[in-house]
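Structural overview for review
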Amino acid sequence: MGRALDGWLLAQTLRDPGGTVALGAEAWTALLAIARAEQMIGTLAWRLNGLTVPPSVAHILADARASAEQGRVAALWEAEAARRVLVPLGVRVVLLKGTAFVAAGLHAGQGRSIGDLDILVPRAALDAVEAALLEAGWEWVKPDPYDDAYYRQWMHELPPLIHRDRDRMIDVHHTILPLTARITPDAGALLADAVELKPGLWALSPNDMLAHAAAHLFADGDLAGGMRNLWDVHCLIAEFGTDGLAGRAAQHGLSREVGRALRLAAALYGEGARLTPADRLYLRRLTARDGWGRATRPFTRMAFYIRSHWLRMPPAMLARHLWTKWRKG
Amino acid sequence: MDDSRGDIVYRMARPETLKITHLDSFTAVFHRASGITHLVTSPVPEILAALGEAGMRRVDLMARLSVDYLLGDADEAALDARLDELVAAGLVAVA
Amino acid sequence: MRHVFQVRIGPVGFRIGSDWRAPIAQLEALYAAYPKPVDGVPDFTVRLFAARSWRRVVRPAVMIGGDYVLPEAAPLPLAQGLLAAEMGMNLQMALGQRHFLLLHAAVVERDGQALILTGVSGAGKSTLAALLSLRGWRLMGDEFALLDPATGLLHAFPRLVSLKNASVATVAAEVPVDRLGPVLEGTPKGTIRHLVPDAAALAGMDVPARPALILFPSFGYESATRDVAQSEVFVRLTQASTNYVAMGERGFDALTGLVQGVPARAIDYPDTDGAIALVEAAWAAR
């Protein structure tokens, strides 16, 4: 592979693991650093499992698989802990993102790094959910009245809670985008069409998983973690196809985002796609890593960072938000 | 709440889900489903042994413990609390 | 990055990149006798970089980055760049090591058997390990014990020994100056000077050893030795491990195996001579 040592090296390896036979020591070193920086070392390790790689690399990848497995166990237990507490409320507790993938045994979950436990519950149940979690040993992470009011008024989730014994965070969402975003996905439909994994634990339908991944990527952040997010998209499509996806995306007001996610995932990991100029800019930003795992192309990054704030909050609100932050120093 | 618990049958988590090692007066229990290590001491190992895989109700557990281990002074409230902790930790299952 | 150094310490390969030449030059000199990473592919990457490009030259402050980072890691002045590199390497081990159960401990070996010295910082494990290595023991490491869950054996990690404050003079009096790094004054931990492990430590860095004794040294008390119960050893070693939880069942197996198979004692010592005598006595009585 005569590739530059950037995010494309990781993408190309995930698409075609056999291509690694051509990698030399420097490229392997870069690939591992980039995969770690994108939090995809476990995914890479599973993708290369069984292939002949240099002994040192085999060693590192085996450790990464073991580490991902331990992460999977911990994530599933955290979901189980939440399930036990929330089952008596009789509301749907929908697992999101990585935990949902591993709980449902999806390809996207294989080797995936999983951080906090993200769940979606009906907005009307938010207070009851919060009370039940507090009763069962979860505590507020930061007792800051401004941040708290901000979260409650404008965000799509409760302020994060952490369990006092297990030291694990839970994010309780009632929809998949902040209320300040211009797009308002149909949260009721997300819940209504969820799939029960085991009594009391649900996952989004495959098309809603795709809609969520797209929303998360383009409307709810600065594209950080984008390569992993698009790998999720790629795996979900490979497993479930795209039947009914266009209609569902339209229902959530996410047609543009879902369309772009499909094109970018195909460009990175699949058969390629007809790209718009904006798509190319996104790809440039998504793959902006050097062989040391460092984020490169800072100007592209900054543009996206500002953009993500604007998307989330109408302008006056952003000014107020920043002002409060500045005042606090 | 206490009344409704009377008929609940508690049993030890399936043996293949636990790894148990004795370290002098303590017992280290590795719980595979959570990846969490519990370092426990009396009466927890006794409770786990008494419940076994068959399991039993709370009153029967109390009776068994007082016969087998002379834990006669263990009051019911304390036992309830231990049982709840063990259930939360996954070491004891509600049948 | 502009300047790069690669090294293998025991089973672990590192790549250190730096915006400045000076820390790399120091690493090259002090690690001159060490091998390079297996296959040329290091396990971990460390980056020493300037927060802003102009800070490369104006009051240069070394930020520590790498595969695994702590957001709160504060920068160090360029004069302490060597320390920054060592901290960066330690950080990769502490946060990223998943093959070995990692114990914050010094390890020395004699007759194929390993002695683990562990305890809170300031208990002098680096000093003790350095002094023991001058008295017939092989230094396996002054910072991390690497316990292989598959075999129960300890692997050597003989990085530069980090001598602090009073122990700098104690050890420097016994070794040739070419085995000592620059004196680093005013670091967050006081004065630091690195010691290059001896030829035996380097020649044996790929030879693991079976653990035979665990000691918990405490400095500043009258000489005393007591047995430590297995449950206490277990708890203290989980607290001394940075990756026990992340290692999952392998960590549990490795640690319970170690605790059940190896005797443990706490030793209190008033001075370094007393410590050496207590260690030798405990070793003989193991």
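For chain C, an unreviewed UniProt entry supplies the name HprK-related kinase A and the organism Sphingomonas echinoides.

As recorded by an unreviewed UniProt entry, chain A carries the name Nucleotidyltransferase family protein and is attributed to Sphingomonas echinoides.

Things to note about the interface of chain C and chain A
Listed per partner, the contact involves 24 residues of chain C and 19 residues of chain A. Here chain C meets chain A over a buried area of about 1,800 Å², counting both sides, of which 54% is carbon and sulfur. Of all residues in chain C, the largest losses of buried area upon contact with chain A belong to Arg-15, Asp-39 and Val-41 of chain C, amounting jointly to 30% of the total for that side. The partner of Arg-36 of chain A in a salt bridge is Asp-67 of chain C, with the nearest N and O atoms 2.7 Å apart. Linking chain C with chain A are nine residue pairs in polar contact (both at pLDDT 80 or more).

A few points about helix H6 (residues 230-239) of chain C
When H6 of chain C is considered as a whole, its buried residues turn out to be Ser-231, Val-233, Phe-234 and Leu-237 of chain C. For H6 of chain C, the angular spread of buried residues about the axis comes to 160 degrees, placing them on one side.

Some points on the packing of helix H2 (residues 44-51) of chain B against helix H3 (residues 58-68) of chain B
All names here are of chain B. The contact between H2 and H3 brings their axes to 10 Å, and the two run at 115 degrees. Here H2 and H3 pass one another in a crossing that is right-handed. Contacts between H2 and H3 involve Glu-46, Ile-47, Ala-50 and Leu-51 on the former and, on the latter, Leu-61, Arg-64 and Leu-65. For the contact of H2 with H3, the class distribution of residues is five nonpolar, no polar and two charged.

Concerning the side chain of Ser-162 of chain C
Looking at the secondary structure, you find Ser-162 of chain C in strand E11 (residues 161-164). Not counting the four nearest positions on each side in its chain, Ser-162 of chain C is found in contact with Ser-126, Asp-142, Ile-192, Arg-193 and His-194 of chain C.

Quick notes on the domain arrangement of chain C
Residues and elements named next belong to chain C. Here the domain parsing of chain C yields domain 1 (3-96) and domain 2 (101-284). A C-alpha centroid distance of 23 Å is found between domain 1 and domain 2. Between domain 1 and domain 2, a total of about 2,000 Å² is buried, with carbon and sulfur atoms accounting for 70% of that surface. Across the contact surface, domain 1 and domain 2 share two salt bridges. Two residues, Glu-86 and Arg-159, come together in a salt bridge whose shortest N-O distance is 3.9 Å. At the junction of domain 1 with domain 2, the criterion picks out seven residue pairs in polar contact (both at pLDDT 80 or more). Within the residue set of the side of domain 1 that touches domain 2, elements represented by two or more residues are strand E1 (3-9), strand E2 (12-18), helix H1 (21-30) and helix H2 (81-96). The element that contributes the greatest number of residues to the side of domain 1 that touches domain 2 is H2, accounting for six residues.

Notes on the pattern of salt bridges
Residues and elements named next belong to chain C. Counting across every chain of the model gives 36 salt bridges over all chains. A salt bridge links Glu-109 to Arg-138; the nearest nitrogen and oxygen atoms lie 2.9 Å apart. Of the two residues, Glu-109 is situated in strand E6 (residues 101-110) and Arg-138 in strand E8 (residues 138-141); the sequence distance between them amounts to 29 residues. Given the relative accessible area of 12%, Glu-109 is considered buried. Residue Lys-125 pairs with Glu-143 through a salt bridge whose shortest N-O separation is 3.7 Å. Of this pair, Lys-125 sits in helix H3 (residues 125-133) while Glu-143 sits in the loop between E8 and strand E9 (144-147), and the two are 18 residues apart along the sequence. Neither Lys-125 nor Glu-143 differs from the other in exposure class; each is buried.

Quick notes on the confidence of the model for chain C
Mean pLDDT over chain C: 94, with 99% of residues reaching 70 or higher. On the interface metric, ipTM, the complex scores 0.92, and its pTM is 0.90.

Overview of the sheet that holds strand E13 (residues 190-195) of chain C
Residues and elements named next belong to chain C. The antiparallel open sheet is built from three strands, whose spatial order is E11-E13-E12. On the outer flanks of this sheet lie E11 and strand E12 (180-187), each paired with one strand and no other. Strand-to-strand twist across the sheet, computed as the mean angle between neighbouring axes with direction ignored, equals 25 degrees.

Quick word on the sheet that holds strand E5 (residues 56-57) of chain B
All names here are of chain B. One open sheet accounts for three strands, arranged E5-E1-E6; its pairing is antiparallel. Because the sheet does not close on itself, it has two edges, and the strands there are E5 and strand E6 (92-94). Examined bridge by bridge, strand E1 (residues 9-12) and E6 share three bridges and lie antiparallel to one another. Considered in E6, the bridge of Met-12 is made with Val-92. Sitting on the sheet, H2 is in contact with E1, E5 and E6, with an inclination near 105 degrees to E1.

As for the interface of chain B and chain C
Chain B puts twelve residues into the contact, and the matching count from chain C is 13 residues. In this assembly, chain B packs against chain C so that about 1,100 Å² is buried in total across both faces, 63% of it on carbon and sulfur atoms. Put simply, Glu-249 of chain C and Arg-32 of chain B hold a salt bridge, and the shortest N to O gap is 2.6 Å. On the surface where chain B and chain C come into contact, there are seven residue pairs in polar contact (both at pLDDT 80 or more).

Structural notes on unusual backbone geometry
In most cases, non-glycine residues show a negative phi, while peptide bonds are predominantly trans. Here the amide bond leading from Ser-42 of chain B into Pro-43 of chain B is cis, since omega sits at 10 degrees, within 30 degrees of zero. Positionally, Pro-43 of chain B belongs in the loop between strand E4 (36-40) and H2. Its identity is not glycine, yet Gln-39 of chain A carries a phi of approximately 55 degrees, on the positive side. Relative to the helices and strands, Gln-39 of chain A resides in the loop between helix H2 (25-37) and helix H3 (41-47). Owing to a relative accessible area of 48%, Gln-39 of chain A belongs among the partly exposed residues under this scheme. Even without glycine at this site, Lys-97 of chain A takes up a positive phi of about 55 degrees. Within the secondary structure layout, Lys-97 of chain A lies in helix H5 (residues 97-103).

A closer look at the packing of H6 of chain C against helix H7 (residues 248-261) of chain C
Residues and elements named next belong to chain C. At a closest axis distance of 9 Å, the pairing of H6 and H7 adopts a crossing angle of 140 degrees. In terms of orientation, H6 lies oblique with respect to H7. As for how H6 packs across H7, the hand of that crossing is right-handed. Of the residues in H7, those touching H6 at Gln-230, Val-233, Phe-234, Leu-237 and Thr-238 are Phe-252, Leu-255, Thr-256, Leu-258, Val-259 and Gln-260.

Here we look at the packing of aromatic side chains
Residues and elements named next belong to chain A. For the structure on display, the rule yields twelve aromatic pairs over all chains. Measuring from ring centre to ring centre gives 5.0 Å for Trp-231 and Tyr-269, while their planes differ by 85 degrees; the resulting arrangement is edge-to-face. Taken as a pair, Trp-231 in helix H10 (residues 226-240) and Tyr-269 in helix H12 (residues 255-269) lie far apart in primary sequence, 38 residues in all. Classification of Trp-231 by relative accessible area gives buried; the value is 3%.

Criteria and cut-off values
Residues numbered from 1 in each chain as written. Chains lettered and ligands numbered in written order. Predicted model: local features only at pLDDT ≥ 70, side-chain atom pairs only at ≥ 80, totals over all residues. Heavy atoms only, no water. Contact = heavy atoms within 4.5 Å. Buried area = accessible area lost by both parts, 1.4 Å probe. Salt bridge = Lys/Arg side-chain N within 4 Å of Asp/Glu carboxyl O. Polar contact = N/O pair within 3.5 Å; in protein donor to acceptor, adjacent residues only side chain to side chain. Buried < 20%, exposed > 50% of the residue type's maximum accessible area, 1.4 Å probe, protein only. Helix = DSSP H or I, 4+ residues; strand = E, 2+ residues; numbered from the N terminus. Arc of directions from axis to C-beta. Axes fitted to C-alpha atoms, helices over the stretch in contact; angles between N-to-C directions. Left-handed = near helix turned anticlockwise from the far one by under 90°. Nonpolar A, V, L, I, M, F, W, Y, C, P; charged D, E, K, R; others polar. Domains from an automatic or database assignment. pLDDT = per-residue confidence, 0-100. Pairing = 2+ DSSP bridges. Parallel < 35°, antiparallel > 145°, perpendicular 65-115°, else oblique. Phe/Tyr/Trp six-rings, centres within 6.5 Å; stacked < 30°, edge-to-face > 60°.

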